[in-house]
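Here is what each chain is made of, one letter per residue.
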Amino acid sequence: MNSNNSTRIDEIASGIFRISTPVPPETIPGGFSFNQYLVVDEAPLLYHTGTNNMFTKVRDAIATVIPVESLRYIGFSHYEADECGSLNKFLEMAPNAEPLCSQIAKMVSVDDFASRPAHALSDGEELSLGDHKVKWIDTPHLPHGWECGHLFESTTKTLFCGDLFTQGGHEHEALTSNDILEPSEQMRSALDYYSHTGNVHQLMEKLAINSPEVLACMHGAAWKGDGGALLRQLAIRLAA
Ligand SMILES: [Fe+2]
Ligand SMILES: [Fe+2]
């Protein structure tokens, strides 16, 4: 489904929508894409905002599904422009919305930057959105950022895996079962965005043990399959 210009929004799991904006090769070599995820529920969650200058595209895509003003949480994996650049613009539009992030993100950056205090989740803490339930998983420095973590939605078994499995290019299906590991490893070989923490197996296991069935990637296609197995394969590649 197209929303405005090139930004599209597609339901990839029950009540979970992927918003994706392609950036052509003329702008970023090889092309790239920026995704946000919208969980439609009693307490609607936007996971990642996109950069400040893509605000109107993301806002308009959300508005094709729910009123933007109804957003309750605006979550993000770590503090970086594509994850939370337009946070304050969304907070301004949605009076009941709170930033949702890790304890470290709140302490180090978000409560300084955001126009309202963050709702920080500790490692393993759960939050009900209505029918959907999300759990925060701390993964410091995986792939990057001291404050980094990922969010798991248990009813659809969707892992919002942020920058893990980043795929280059600007033309992707919304949801694929084709391999995303090799395309993301190609991307990493050209531009390594991982911190190479020594804890990679231990941290990846914290994600894999939830047996996700959808990996909601921030760059490229979302993926459907045995997410636990794919995360463990990625760990082996990273540790090699
Ligand atoms: Fe990032
Ligand atoms: Fe990102």
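Refer to the structure presented above.
Note that the coordinates shown come from a computational prediction; the quantities given were computed from them, not determined experimentally. (Residues numbered from 1 in each chain as written. Chains lettered and ligands numbered in written order. Predicted model: local features only at pLDDT ≥ 70, side-chain atom pairs only at ≥ 80, totals over all residues. Heavy atoms only, no water.)

**Q** So, the pattern of salt bridges: which residues are in play, and what are the values?
**A** By the definition in use, this model includes 10 salt bridges. As a salt-bridge pair, Asp60 and Arg59 come within 2.9 Å of each other at their nearest N and O atoms. Judged by relative accessible area, which is 25%, Arg59 ranks as partly exposed. The shortest N-O distance in the salt bridge between Asp111 and Lys106 comes to 2.7 Å. Using a relative accessible area of 35% as the deciding quantity, one classes Asp111 as partly exposed. (Salt bridge = Lys/Arg side-chain N within 4 Å of Asp/Glu carboxyl O. Buried < 20%, exposed > 50% of the residue type's maximum accessible area, 1.4 Å probe, protein only.)

**Q** Describe the coordination of the iron ion (ligand 1), with residues and values.
**A** Protein coordination at the iron ion (ligand 1) comes from His78 (NE2), Glu80 (OE), His144 (NE2) and Asp163 (OD), with a distance range of 1.9 to 2.2 Å. Donor residues binding the iron ion (ligand 1) come from one chain and are separated in sequence as H-x1-E-x63-H-x18-D. The distance between the iron ion (ligand 1) and the iron ion (ligand 2) comes to 3.7 Å, and Asp163 binds to both of them. On the criterion of sequence distance, the pair formed by Glu80 in the loop between β6 (73-75) and α2 (81-84) and Asp163 in the loop between β12 (158-162) and β13 (175-176) is long-range, its members being 83 residues apart. (Donors = N, O, S within 2.8 Å, 3.2 Å for Na, K, Ca; no water. Helix = DSSP H or I, 4+ residues; strand = E, 2+ residues; numbered from the N terminus.)

**Q** Give me the state of the cysteines: which residues, what numbers.
**A** Counted according to the given criterion, the structure contains 0 disulfides. With no disulfide of its own, Cys148 lies 11 Å from the sulfur of Cys161, the closest cysteine sulfur. The thiol sulfur of Cys161 is not disulfide-bonded, and the nearest other cysteine sulfur, from Cys217, lies at 3.9 Å. What makes Cys161 buried here is its relative accessible area of 0%. (Disulfide = S-S within 2.5 Å.)

**Q** Let's hear about the packing of aromatic side chains: which residues, and what values?
**A** Per the counting criterion, the structure on display carries 6 aromatic pairs. Their ring planes at 70 degrees and their centres at 4.9 Å tell us that Phe55 and Phe90 sit as a pair that is edge-to-face. With Phe55 in helix α1 (residues 55-63) and Phe90 in helix α3 (residues 87-93), this pair connects stretches of sequence that are 35 residues apart. Take Phe55: its relative accessible area is 9%, and that puts it in the buried class. Here Arg72 stacks its cationic end above the ring of Tyr73, 4.6 Å away from the centre of that ring. The lysine or arginine in question, Arg188, covers the ring of Tyr194, its NZ or CZ lying 5.8 Å from the ring centre. (Phe/Tyr/Trp six-rings, centres within 6.5 Å; stacked < 30°, edge-to-face > 60°. Lys NZ or Arg CZ within 6 Å of the ring centre and 35° of its normal.)

**Q** So, the packing of helix α6 (residues 200-208) against helix α7 (residues 227-239): which residues are in play, and what are the values?
**A** Geometrically, a packed helix pair is captured by the angle between its two axes and the distance between the axes. Direction vectors running N to C along α6 and α7 enclose 170 degrees, while the axes themselves pass 9 Å from each other. Between α6 and α7, the crossing angle belongs to the class labelled roughly antiparallel. Along its contact with α6, which presents Val200, His201, Met204, Glu205, Leu207 and Ala208, the element α7 presents Gly228, Leu231, Arg232, Leu234, Ala235, Ile236, Leu238 and Ala239. Considering only residue class, the contact of α6 with α7 consists of 10 nonpolar, 2 polar and 2 charged. (Axes fitted to C-alpha atoms, helices over the stretch in contact; angles between N-to-C directions. Parallel < 35°, antiparallel > 145°, perpendicular 65-115°, else oblique. Contact = heavy atoms within 4.5 Å. Nonpolar A, V, L, I, M, F, W, Y, C, P; charged D, E, K, R; others polar.)

**Q** Any details on the coordination of the iron ion (ligand 2)? Residues and values, ideally.
**A** Every protein donor of the iron ion (ligand 2) is accounted for by Asp82 (OD), Glu83 (OE), Asp163 (OD) and His219 (NE2), and the metal-donor separations fall at 2.1 to 2.7 Å. Each of the 4 donor atoms around the iron ion (ligand 2) contributes to a set of angles spanning 83 to 163 degrees, which defines the coordination as square planar. Between consecutive donor residues of the iron ion (ligand 2), the sequence gaps follow D-E-x79-D-x55-H. (Tetrahedral: all angles 85-135°; square planar, octahedral: opposite > 155°, others 65-115°.)

All we've got here are geometric facts, nothing functional implied.
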